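Okay, here's what each chain looks like letter by letter:
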Amino acid sequence: MSRQDDAEQIQAYLVQLRGGGPFLSSYDGRLLLRWMDNEVPVPVVLQALDRAAEKRRRRRVKSPLSLRSAETAVKQAQAGGLELPAPAGPEPLRELIEDLRRSGGLEARIAEQLTGTTELQAAMAVLAKGLERAWAQADRAALKAQAAEELFLLKETCSEAEFERACEEVARDLLRQRHPLLCASAAWDTVSA
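Residues numbered from 1 in each chain as written. Predicted model: local features only at pLDDT ≥ 70, side-chain atom pairs only at ≥ 80, totals over all residues. Heavy atoms only, no water.

S.K.: How should the packing of aromatic side chains be read in this particular structure?
M.R.: For the coordinates displayed, the defined rule picks out zero aromatic pairs. For Arg68, the ring lying beneath its charged end belongs to Tyr27, and the centroid distance is 3.6 Å. (Phe/Tyr/Trp six-rings, centres within 6.5 Å; stacked < 30°, edge-to-face > 60°. Lys NZ or Arg CZ within 6 Å of the ring centre and 35° of its normal.)

Printed below as a string of structure tokens:
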């Protein structure tokens, strides 16, 4: 993949996690360029974004998820030598594929798309598309209503637009909790096990 493709995959995954438009802050834009210049592997960034989203789940903040949220995890990976789990053929992904098949429904269809995938980044892209499909098919109004209930205390401390952004991010997180195998970390964890 080209640098442009890598940057687009990272940006698309960020948007998938938080919702909203594909716009990056100036800080996030510079950070993404730095990661591309330093040849930080896309799977490292996607896995770091998943970890940042998981941390945010515990404390429900009003600021939107950003690349900056994953910066510390990426730095730690760089300091540790960027030991990227790399499948050599489809064998390392077999467990994930079997788990997806057993889940049935959308996950089973994603398992079929993963069959034969040999690269971690490509597997992460397939899973991300599956989660985006789940979002498109979900009852988003119900997810957003549930998110608003979770965030009711936050409503008094932010603008309506900020609250709507926070609700969409939490709604997307609620969907990820229902489809835990459709995230970048599922592929990462399977390959690195």
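Moving on from the model shown.
S.K.: Could you clarify how one ought to interpret the side chain of Arg172 in this entry?
M.R.: Within the secondary structure, Arg172 is located in helix 9 (residues 160-178). For Arg172, the contacting residues outside a window of four places in its chain are Val15, Gln16, Leu17, Arg18, Gly19, Glu132 and Trp135. (Helix = DSSP H or I, 4+ residues; strand = E, 2+ residues; numbered from the N terminus. Contact = heavy atoms within 4.5 Å.)

S.K.: I'm lost on the environment of Arg3 in this one. Help?
M.R.: If you trace the backbone, Arg3 turns up in helix 1 (residues 3-18). Assessed through its relative accessible area of 43%, Arg3 is described here as partly exposed. In this structure the C-alpha to C-alpha distance between Arg3 and Arg30, which are 27 residues apart in sequence, comes to 14 Å. Here Arg3 is in contact with Leu33, Met36 and Asp37, once residues within four sequence places are set aside. Side chain to side chain, Arg3 and Asp37 meet in a polar contact 2.7 Å long. (Buried < 20%, exposed > 50% of the residue type's maximum accessible area, 1.4 Å probe, protein only. Polar contact = N/O pair within 3.5 Å; in protein donor to acceptor, adjacent residues only side chain to side chain.)

S.K.: Got a minute to help me understand the pattern of salt bridges in this structure?
M.R.: Pairs may arise between side chains of opposite charge once their charged atoms sit close together. All told, the structure shown has eleven salt bridges when counted by the stated rule. One salt bridge connects Asp189 with Arg51, and the closest N-O pair in it is separated by 2.9 Å. Residue Asp189 is located in helix 10 (residues 184-192), and its partner Arg51 is located in helix 3 (residues 42-59); the two are separated by 138 residues in the primary sequence. By relative accessible area, Asp189 is classed as partly exposed at 36%. Using a relative accessible area of 35% as the deciding quantity, one classes Arg51 as partly exposed. Members of the salt-bridge network, linked through shared partners, are Arg34, Glu71 and Lys75. (Salt bridge = Lys/Arg side-chain N within 4 Å of Asp/Glu carboxyl O.)

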